[in-house]
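One-letter residues, chain by chain:
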Amino acid sequence: MAKSYSYDVFPSFRGADVRKSFLSHLIKEFDQKHINTFKDNKIERSQSLKPTLEKAIRTSKIAVVVLSQNYASSSWCLNELLEIMYCMEEFRQIVIPVYYGLDPSHVRHQTGDFGEIFENTCHNQPEELKVRWRGALSNLANIFGYHSKSWDNEAKMVEEIANYVSDKLLLTSSKDSEDIVGIENHMAELESLLDFESEKGRMVGIMGSSGIGKTTIARVLFNRHSHRFQGSVFVDKAFVSRSMEIYGGANPYDYNMKFHLLEKFLSEILGKDLKNFHTGAVEEKLKNHKVLIFVDDLENHFVLDTLAGDINWFGPGSRIIVITKHEHILRAHGIDHFYKVPLPSDGLALQFFCRNAFRQNSPPGDFMELASESALHAGNLPSGLVVLGSYLRGRYKKEWIDMLIMFRKRQFGKIEEILKFRYNGLNNQNDEAIFHHCRSRL
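Owing to the predicted nature of the structure, the values given are computational and were not obtained by experimental measurement. (Residues numbered from 1 in each chain as written. Predicted model: local features only at pLDDT ≥ 70, side-chain atom pairs only at ≥ 80, totals over all residues. Heavy atoms only, no water.)

## Things to note about the environment of Ser 232
Locating Ser 232 in the fold gives a position in strand S6 (residues 231-235). With sequence-adjacent residues up to four places away left out, Ser 232 is seen in contact with Phe 222, Ser 226, Glu 268, Ile 269 and Leu 292. (Helix = DSSP H or I, 4+ residues; strand = E, 2+ residues; numbered from the N terminus. Contact = heavy atoms within 4.5 Å.)

Here's what the structure looks like:
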């Protein structure tokens, strides 16, 4: 069941430090972008979280934690942070730290003036609570954030944060995994393989035949977990072709082509334009960054060797995910951990088909046999189920029967044959566009 949200953003902050200055400007920018922000002006804060605040945190898509010098002087703020970090783990809430006049390392290790203030707040508190507060601060400091000391212009920083939040909201506003049959099973397998809690970097593969849903699974995984990292990028064929389009006729290992691909890659993952760097810049610029990198639809070694030749190029906790049909590419790169995407079971395949044919999880009673046989002809392959289900949506029962007779006579069953049948049955340009869209997913 889809989670219900009341707010786009929940801001956590120490009011005396930032309410009338930085935070007021940030909320104004949010309002101008029509970002629905929780405002607590009328709530009196006490030692424990009131139900109103707890509900506000849990029903917000994003939490922006403004860490100022005296943030840790408030047990309220620290308890608020515990709830936010819980929501990040349990509900995949996006968390964005903002360090306002503060060194992130002081938050991570509770040192300096921030650490002294934190220790004063911990005085006479239960040991178990102190440990939880420390863990929350340390985990927060490992997430991509904004540092006021890195910006000469606070207005630009506020604008950048608001733009970043707006972009994230566009991602979370999509249905993500709500309509993808069986996605939670894939996520459980991959999350176990990736072991996000480990600080050791890891490369993992997602492997499977054409049309089985590798890219769809990878996109959901990326959207769910990119918030854990300081930088993230999804490199697909479109990304590569945009980066190298002016070198269309060049050898794939051409130096200039490699340079432009690196430039695009680093600019994307670091969030800023880069100029005048050399081809060894990935390791130089990202060796201290915890990053998440997806390389999709890999047909050869060039892109992977160029952008992610070794996990040691990146900071502790980094994850590189390679999506390919070819196991030898993974082996050649020393990737021993990989998830081979299985075909869905007959039950899941029927559900997948029905989502596209009837826009519901199961067929109407008088279509049960027809739907089951149709799904069988797609070979349980997700792309085939999408194509065939979309083609049959809204058609009369006689049209279904005629199609199945053709399948039986011509012994259709392979996805290529289904696509050929689908293409031959097109009767308008819109149908043809849908067909090419579906085929591109194979």
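## Some details on the environment of Ile 311
With respect to the element layout, Ile 311 can be found in the loop between helix H14 (302-307) and strand S8 (319-324). Sequence spacing of Ile 311 and Met 203 is 108 residues, and the spatial spacing of their C-alpha atoms is 6.8 Å.

## Points about the sheet that holds strand S9 (residues 337-340)
Ordered in space as S6-S7-S8-S5-S9, the five strands form an open sheet in which the pairing is parallel. For this open sheet the edge positions go to S6 and S9, each flanked by a neighbour on one side alone. Strand-to-strand twist across the sheet, computed as the mean angle between neighbouring axes with direction ignored, equals 15 degrees. The sheet contact formed by S6 and strand S7 (residues 291-295) spans five bridges and is parallel. Its bridge partner lying in S7, Ser 232 is registered against Leu 292. Packing against the sheet, helix H9 (residues 183-194) makes contact with strand S5 (202-207), S8 and S9, and its axis sits at approximately 175 degrees to S9. (Pairing = 2+ DSSP bridges. Axes fitted to C-alpha atoms, helices over the stretch in contact; angles between N-to-C directions.)

## As for the nonpolar core
With 33 residues, the main nonpolar core has Val 65, Leu 67, Leu 81, Val 107 and Leu 140 as its most contacted residues. Counting only elements with at least two residues in this core, the list comes to helix H3 (51-58), strand S2 (60-67), helix H4 (75-91), strand S3 (94-99), helix H6 (112-122) and helix H7 (127-141). A total of nine residues in this core trace back to one element, the largest contributor, which is H4. Beyond its immediate chain neighbours, meaning those up to four positions away, Leu 81 contacts Val 65, Tyr 71, Ala 136, Leu 137 and Leu 140. (Core = buried A, V, L, I, M, F, W, Y, C linked by side-chain atoms within 4.5 Å. Buried < 20%, exposed > 50% of the residue type's maximum accessible area, 1.4 Å probe, protein only.)

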